[in-house]
Structure formats: C-alpha cells, structure tokens
Amino acid sequence: MSPIVPMLYTVRVMAAEAKATTSPHTGQRSVGEIARTVLGPLLQLLLFIVGAAASLGLLVIVLALLLSASTPDLLSRVVTILPQVIIDGLVRGFLFATIALGYTMVYGVLEFINFAHGELFMVGGVVGAYVGFFLDRAGIIDGFNPFLFVVVVVAAGMTVSGLLAVTVERIAYRPLRNAPRLVPLISAIGVSLVLQDLARLFMTNFPTSEPLGFNARYNSPDYGPPLTLFEMNVGERSVPVVLSPKALIFITVATLMLIGLNYLVNATRLGKAIRATAQDMPTASLMGINVNQIISLTFLIGGALGGAAGALFGLNVGAVNPYMGLIPGLKAFTAAVLGGIGNITGAMVGGIVLGFMEAFVASYLGLFTGGAISGAAYADIVAFSMLILILIFRPSGLLGEATTTKV
Amino acid sequence: MALLELHNVHTYYGKIHALKGLSLRVEKGEIVTLIGSNGAGKSTTLRTISGLLTPRQGEVRFGGKRIDHTPPHEITQLGVAQSPEGRRIFPRLTVLENLEMGAYLHNTRSPTYHEDLERVFQLFPRLRERTSQKGGTLSGGEQQMLAIGRALMSRPQMLLLDEPSMGLAPVLVEQIFEIIKTINSQGMTVLLVEQNALQALGIANRGYVLQSGEIVLEDDAKALRENEMVQKAYLGLE
Ligand SMILES: Nc1ncnc2c1ncn2[C@@H]1O[C@H](COP(=O)(O)OP(=O)(O)OP(=O)(O)O)[C@@H](O)[C@H]1O
Ligand SMILES: [Mg+2]
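In short, a report on the structure. (Residues numbered from 1 in each chain as written. Chains lettered and ligands numbered in written order. Predicted model: local features only at pLDDT ≥ 70, side-chain atom pairs only at ≥ 80, totals over all residues. Heavy atoms only, no water.)

### Topic: the overall build of chain A
Across its full length, chain A holds 13 helices and four strands. Taking 2.2 N^0.38 as the reference for a compact globule, 407 residues should give roughly 22 Å; the C-alpha atoms of chain A span a radius of gyration of 24 Å, in line with that estimate. Its C-alpha atoms give chain A principal-axis dimensions of about 80 × 60 × 40 Å. Relative to its full complement of 407 residues, chain A shows a buried share of 50%. Here the analysis covers contacts within chain A between residues at least 6 apart in sequence; of these, 75% occur between residues at least 24 apart. Accessible surface, chain A: about 18,300 Å² in total, of which carbon and sulfur atoms supply 70%. Of the side chains in chain A, 21 bear a positive and 18 a negative charge, and the two mean positions are spaced by 10 Å. (Helix = DSSP H or I, 4+ residues; strand = E, 2+ residues; numbered from the N terminus. Rg over C-alpha atoms; globule rule 2.2 N^0.38 Å. Buried < 20%, exposed > 50% of the residue type's maximum accessible area, 1.4 Å probe, protein only. Contact = heavy atoms within 4.5 Å. Areas by Shrake-Rupley, 256 points an atom, 1.4 Å probe, with all protein chains shown as cover. Lys, Arg positive; Asp, Glu negative; His and termini not counted. Charge placed at Lys NZ, Arg CZ, Asp CG, Glu CD.)

### Section: the site of ligand 1
Residue and element names in this part refer to chain B. If you check the shell around ligand 1, you find 14 residues, and the closest are Lys-42, Ser-43, Thr-44, Glu-85 and Gln-195. Gly-39 is positioned with one of its backbone polar atoms (N or O) 2.8 Å from an oxygen atom of ligand 1. Contacts to ligand 1 include Glu-163, whose side-chain N or O atom sits 3.2 Å from an oxygen atom. A total of 630 Å² of accessible area belongs to ligand 1 in isolation, and the protein chains cover 64% of it. Looking at the shell around ligand 1, the elements with two or more residues in it are strand S2 (16-26) and helix H1 (42-50). (Near = heavy atom within 4 Å. Polar contact = N/O pair within 3.5 Å; in protein donor to acceptor, adjacent residues only side chain to side chain.)

### A word on the packing of aromatic side chains
All names here are of chain A. One pass over the full model with this rule turns up 16 aromatic pairs over all chains. With centroids separated by 5.7 Å and ring planes inclined at 55 degrees, the aromatic side chains of Tyr-103 and Phe-333 adopt a geometry described as tilted. In this pair, Tyr-103 is assigned in helix H3 (residues 74-110) and Phe-333 in helix H11 (residues 326-339), connecting sequence segments 230 residues apart. We classify Tyr-103 as buried; its relative accessible area is 2%. Taking 5.5 Å as the distance between ring centres and 50 degrees as the angle between the ring planes, the aromatic pair formed by Phe-121 and Phe-313 counts as tilted. With a gap of 192 residues between them, Phe-121 in helix H4 (residues 117-137) and Phe-313 in helix H10 (residues 291-317) connect regions that are remote in the sequence. Overall, the relative accessible area of 0% leaves Phe-121 in the buried class. (Phe/Tyr/Trp six-rings, centres within 6.5 Å; stacked < 30°, edge-to-face > 60°.)

### Focus: the coordination of the magnesium ion (ligand 2)
Residues and elements named next belong to chain B. At 1.9 to 2.4 Å from the magnesium ion (ligand 2) lie its protein donor atoms, namely Ser-43 (OG) and Glu-85 (OE). A residue pair is termed long-range when its members are at least 10 positions apart, and Ser-43 in helix H1 and Glu-85 in the loop between strand S6 (80-83) and helix H3 (95-102) qualify at 42 residues. Since its relative accessible area comes to 10%, Ser-43 is described here as buried. Given the relative accessible area of 30%, Glu-85 is considered partly exposed. (Donors = N, O, S within 2.8 Å, 3.2 Å for Na, K, Ca; no water.)

### Quick word on the pattern of salt bridges
Tallied over the full model, the rule gives 24 salt bridges over all chains. Among the ionic pairs, B:Arg47 bridges to B:Glu85, the shortest N-O distance being 3.5 Å. Of this pair, B:Arg47 sits in helix H1 while B:Glu85 sits in the loop between S6 and H3, placing them 38 residues apart in sequence. Taken together, the shared-partner salt bridges in this structure form one network comprising A:Asp88, A:Arg92, A:Lys331, A:Glu358 and A:Asp380. (Salt bridge = Lys/Arg side-chain N within 4 Å of Asp/Glu carboxyl O.)

### Some details on the packing of helix H5 (residues 146-173) of chain A against H10(A)
Packed helices, taken two at a time, are described by the angle between their axes plus the distance between the axes. Residues and elements named next belong to chain A. Relative to each other, H5 and H10 sit at 140 degrees, their axes nearing to 6 Å. In terms of orientation, H5 lies oblique with respect to H10. Every pair of crossing elements has a handedness; the one defined by H5 and H10 is right-handed. Residue composition of the contact of H5 with H10, by class: 17 nonpolar, six polar and one charged. (Axes fitted to C-alpha atoms, helices over the stretch in contact; angles between N-to-C directions. Parallel < 35°, antiparallel > 145°, perpendicular 65-115°, else oblique. Left-handed = near helix turned anticlockwise from the far one by under 90°. Nonpolar A, V, L, I, M, F, W, Y, C, P; charged D, E, K, R; others polar.)

### Details of the side chain of A:Glu358
Along the chain, the position of A:Glu358 falls in helix H12 (residues 344-368). On the basis of relative accessibility, which here comes to 1%, the residue A:Glu358 falls in the buried class.

### Topic: H3(B)
It helps to recall that an α-helix has 3.6 residues per turn; residues three or four apart then point in one direction. Where burial is concerned, most of H3(B) is hidden: eight out of the eight residues are buried. For H3(B), the set of buried residues is B:Val95, B:Leu96, B:Glu97, B:Asn98, B:Leu99, B:Glu100, B:Met101 and B:Gly102. For H3(B), the elements touching its buried residues are helix H8 (269-279) of chain A together with helix H4 (111-123), helix H5 (125-128) and helix H6 (140-152) of chain B.

### Examining unusual backbone geometry
Note that the residue after A:Phe206, namely A:Pro207, is joined by a cis bond; omega there is -10 degrees. For A:Pro207, the position within the fold is in the loop between helix H6 (182-205) and strand S1 (216-217). Of note, A:Glu111 is a non-glycine position whose phi angle comes to about 50 degrees, a positive value. A positive phi is found at B:Arg87, a non-glycine position, where the angle reads about 70 degrees. Relative to the helices and strands, B:Arg87 is located in the loop between S6 and H3.

Geometric values such as these leave the question of function open.
Encoded structure:
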C-alpha cells in the first residue's frame, strides 16, 4: 500500500482529536454530568419558550404600533391580553409536547408513525372522566383532595393508556414488522378507528344503569378561583393576570414528566438501551438487549405520557368524548415533525412552538382584522399550514438530522 | 465436545440460498479463521451463529446447547459476542456508552465492569482518550477498536470477528492481529472472518475456506497456507 494511507489516517485522527472533549474517564457518570444530560434538553426547551414568547410578543406589539393609526386603542388592547396569551400558549404547548413525545419515541425506534396515538390520549381523558364520575356517584367528589385527585387521574390515565399502547403494538404492529412500510401505517389507522368506537361503545353503555355518556362531563373537585399572578397597569386601568389552578397543574405535571423522561432516556441503562435500539436494532440485540422488550417499553412510555396528557386535558376543559384525540393527535404529530421526528427534545420544542403560534393566532387574528376573521376558528389552519411548510422546506424539523428515510 | 458446532446449516435471505449445508466447529481456546471471497457467506455464517438469522435447516450448538432458534440477545447471554461487519458502532452514543452497551448484561456499578473497561482501554489506549466522543465521529480505525472492545465488554466465552482489519492502515492491521493473539492467549476462543487471509492464517490454529455458501476446504492453518488453491485464490500468490 502507498505511504499516503497512514498519513491520511493520521490527519483524520488529528481532526477527531481536535473535536474530542477531554474529560477524564471515570466509568460512572458524575452527578454534574447527569444533571447536564438531563437538564440540557430542558434548558433548551426553556430557551425556546422564552424565545417563542418574546418574539411573538414583539411581533404583535410591532403590528399593533403599525396599525394604531387607524385604531388608536389597539396597542393597549394587545398588551392587555399578552400575558394571558402567553399562558395559554404554554398550556397548549405542553399539551402538544407530551403527546408529541409518544409519536417521536415510537418513530425513533421503529421509524413508524403510530397514528392511533391520539386515541391513547383520548382514552386517558375518558379514564379520568370515569374516575370523576365514580367519585361523584359515591358522593365524595366535593370533599376530595384536589391534589390527590390529580395524582389519581394521572396515574389511572397513564396505566390504562400505557398498557393499551403495549397491547396494540403486540396485536396490530408487531406481526407486521417486516411488512412494507405502508402496511403498519394502515393498521394504525384501523386501530385508531377501532379505539374510537370501542370508547364510544363503552362510554354509552357502562355502567349499564347510568352510563357515562357520549359527551361526558369530567367531574372534578373544586380547584378554587384563578390565581392572580400580578396586576398589570395599562394606561389608567389595572388588569390582573390570572392563571387557573388547573392550567397550573397541567404545566407542573407536564414539566415533571418531561424531567422524568429526560432522566430515563439520557441517564439510565434502560434509556441507553432505547437509544441503542433506535440507532441500530440488530446490533442492539447483539449487545444482549431484548429489542422486543425495548419496543414494548417505548410504547408503554409513549402511551403513558399520552394518557396523562389526556387525563389532564379533560380535567382542564371539563369534558371528554371519544373523538377528542383526533385534532390534538394530529397537531402533536405536527409538533413532532416540526421539532424533528425521532428527536425527543425536538418533540418538546416543536410542541411549545406550535402551542405559542396557535395561542397568538387564536387571540390576535380577530383583534388585528377588526373582528373580520375569528382567530379561534382559524388556529387549526396555522398548525396544519405549518406541517405542510415544514414538510416542504425542512423535513428534518428544527432539531432533526437530515435523513432520507422518512415515511 | 467442541465449543461451537455448526452442522449442515442452510440459511436463506428470502429466496436466496446463502449457506448450503455448512458444517464447522471451533474448539475451546482456538482461533479458527473463515476465509472466502466476497459474497461467499462469511458474514451470513456469523449472523446465523449470533441468531440474527435463523437457519431453515441444520443445527448450531454452543457448549452443546442448541442455539439455532434462540433469539440473539439470549445467545449473547450464553457467551457469544460479535464484532459485526462494518463495525456498527452506535453513532449517537458516546464511546463510553457504546462500551456500556457491550456490558448491557452486566452491572455497570460492579468492580468487574471497571476491570473489563480497564482491560479494553489497555488493549486500545486510544479509546480511553475518547470516552465522551460520539461513536459516529470516530475514525474508521477507532471505530474498529471500539467494536472489538464493545464485544469484549460482554465478557464472552467466544468472540466472532467479522473483518476486523477492514479499511485499516497496514500498521493498524498488524496491531489488530497482535491484539487478537493477545486476547486469545488470555483464554478467549475466536472465530475470525478475514479477507486478509495471509495474516489470518498466520495467527489461526485452523481454517475453513468458504465458497458460495459451502465449505470447500478445511485444515490446519499452516497446511492451508501451503495449499496451492488457497495460495492462488486468497493469498494472491502464484
Ligand atoms: N440482507 C441480504 N439480503 C439478500 N441477500 C443477502 C443479504 N445479505 C447477504 N446476502 C447475500 O448472501 C450472500 C452471502 O453474503 P455475505 O454477506 O455472507 O458474504 P461475505 O462472505 O461476508 O462477503 P464479504 O466478504 O463481501 O463481506 C451474498 O450472495 C449476498 O449477496
Ligand atoms: Mg462479509
């Protein structure tokens, strides 16, 4: 062989050397390292939250200034509702993020979009509604500890949706693992329809004496009046900025779940096995990893997160129905694609960004068009236009790596 | 009883008949090499042993136990580790995490894990400097070291190496073969697949020559090196 080969080799090694971070190896990760791998993605998320809120806030203020010639009090109206819009965006964002994680984790491991994931969210909501329903029938809902109630509905929603996700994978996806890609996708759509109708059947027939009903109320203990965060002075008026306790609970629980998930995926042996399986399934099995178990675990985690989101969402809006998973599911899918499907931090970031966009459009479109276009009615268009735009211009998403093997 | 034994193994890729009644054995403590031209079925043989492929006919035994229908992770648990063709490093895991995955079946808090890690770093000092680098950003040679190191981390009884010298600079090829010899002298049984037939036969006890899915020759390594057909076809000697 020519002497150029070792030379080239040296050059490559040197290049790699320059890039390598020189952390002395200790075998066990230090606390600091774990904190970094766990908190790193959350810090990134926080940056996106602040960034999205600030840039969209600035945008509406500039727009208001530009339009203030025709409508003089526009600016003060825009500023008055701004904090409330940001809170709304945060709630929507965490909702999409928790659902999007289920899509993205499954995609990361199997390169398959689980279109029945929205239904796992719905099932979580229905389970939560049943908890409220039975507590109400037992006559103890009013005195029930509100925090215990949250714990119970979240735990119940997570358990049922998580186990359901594992079952669905086992029955409807695993036998098709070596089939052409479109086949499990069609199976997923079928599962989604089946779950919707099963939920409808169940809700309208159980318990037989007095069923929960199709459009069911989600009973819950009284969470008290909205919390006033601060008073804002706009001109001579003073406007309170409020946060409903249920929204606060949603944000808190979602944040805790994201921290837990990041810890699991980035810092535990199981999380590394999930990542290894996602990167190279046959090689992972050579390491002694039972890849079928890892796939089940991925569905369990994704389903549980979706179920928890459903239970909390239902609690937040006070009602559930068998079709409530469809639109949030599709939007969360958009969020997952926006962040880069298969990328866990990306799903969170995508959810937050989408949530903010929607909240701003819902609140400000009407204001800026003088009420000609109702923002709330057109917020969905934003989500789905965004999906189309991403698919055209940046199919790998905000944080995703460019790959050619996308569904 | 041989540590590893394949008897009349037939493996298919769909309709493609890749192994046509292959039989071979590896005794405990041996280095056995499997040589053959491109597409002969060498990697297919290793994949069949590891359980990534299931033979349609025939038997694979490890330590006397049938493993031809055992899933890959259980075969690893029995003590077979493979450094696969093309290295197959987990690109977005760090070097240390790749090694941890190699030790997936063991407790990474135990002292033995640290001993294993230390042993790998002694064999491949370069890896020690790169523990927190992502696997995908390593050079080809470093990835090869990591692939072998990762296989060793499962503390196997038997190591399957698929073209460990592929794409390496001559100095490194020399080093890799030295290392295989070292590992073997510490008690590891090795089944070595190589294009580099001359060097493979140089360190092996015995060898098999594979041609279109069939064993056409088997002998002591020394005898194979002197075999006329082998010299012509695989050693590039006339
Ligand atoms: N995934 C696959 N699908 C279909 N055919 C395959 C597949 N993998 C290998 N083959 C075929 O099986 C035969 C044996 O392939 P194998 O990879 O075992 O060869 P090899 O001896 O390792 O060759 P090389 O030295 O090039 O690595 C070849 O004819 C190859 O084309
Ligand atoms: Mg090969």
